[in-house]
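# Coordinate analysis (summary)
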Amino acid sequence: EMTVTVQAGARVSQVLDALRPHGLTLPNLASIAEQQIGGFVSVGAHGTGALIPPCDEFVTALTIVTPSENGVVKMTDATHGQLFRLARLGLGGVGIL
C-alpha cells in the first residue's frame, strides 16, 4: 500500500516534486498545479480521465479542526464513515482541513 501524508497547505506542484524521485505521482490532476492540496481535495478536483475518480476519493484519512467540543478530529472511513466521506468533499462545511 503506497500512501503519503500531505499537509493541506502544500501546493499540488510541491507534492508532485516530492513524489517524483520515488517514481510516484498523484492518480488524478486538475489543470492547475499551484492550488493547495486542502482546496484541491475539498472541491473534488478532477482531470479529464472519464474512468479516474476525483482526487477526494483517494484520501484515506483526514485531520480536521472543527468548531465542536472535539476540536481536532482524525477521521477515516472506518472511524467516521459517512461523515469522513462528506468531509473529504466538504467544501469547508465540516471544518478546516
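Use the structure listed above.
Residues numbered from 1 in each chain as written. Predicted model: local features only at pLDDT ≥ 70, side-chain atom pairs only at ≥ 80, totals over all residues. Heavy atoms only, no water.

### What about the pattern of salt bridges?
- Summed over all chains, the structure comprises two salt bridges.
- Residue Asp77 is joined to Arg85 by a salt bridge in which the shortest nitrogen-to-oxygen separation is 2.3 Å.
- Taking relative accessible area as the criterion, Arg85 reaches 39% and is therefore assigned partly exposed. (Salt bridge = Lys/Arg side-chain N within 4 Å of Asp/Glu carboxyl O. Buried < 20%, exposed > 50% of the residue type's maximum accessible area, 1.4 Å probe, protein only.)

### Observations regarding helix α1 (residues 12–19)
- If you check which residues of α1 are buried, you get Val12, Ser13, Val15, Leu16 and Leu19. For α1, the angular spread of the buried residues around the axis is 160 degrees, confining them to a single face.
- Buried residues along α1 sit against α2 (37–42). (Helix = DSSP H or I, 4+ residues; strand = E, 2+ residues; numbered from the N terminus. Arc of directions from axis to C-beta. Contact = heavy atoms within 4.5 Å.)

### Thoughts on helix α3 (residues 77–88)
- Taking 1.5 Å per residue as the helical rise, α3 with its 12 residues ought to reach 16 Å, whereas the 10 Å between its terminal C-alpha atoms falls clearly short.
- Those residues of α3 that fall on the buried side of the exposure criterion are Gly81, Phe84, Ala87 and Arg88.
- Tucked into the core, α3 has its buried residues touching α2, β1 (61–65) and β2 (72–76).
- For α3, the side-chain oxygen to backbone nitrogen distance between the N-cap and Ala78 is 3.3 Å, and the N-cap itself is Thr76. (Expected span 1.5 Å × (residues − 1). Polar contact = N/O pair within 3.5 Å; in protein donor to acceptor, adjacent residues only side chain to side chain.)

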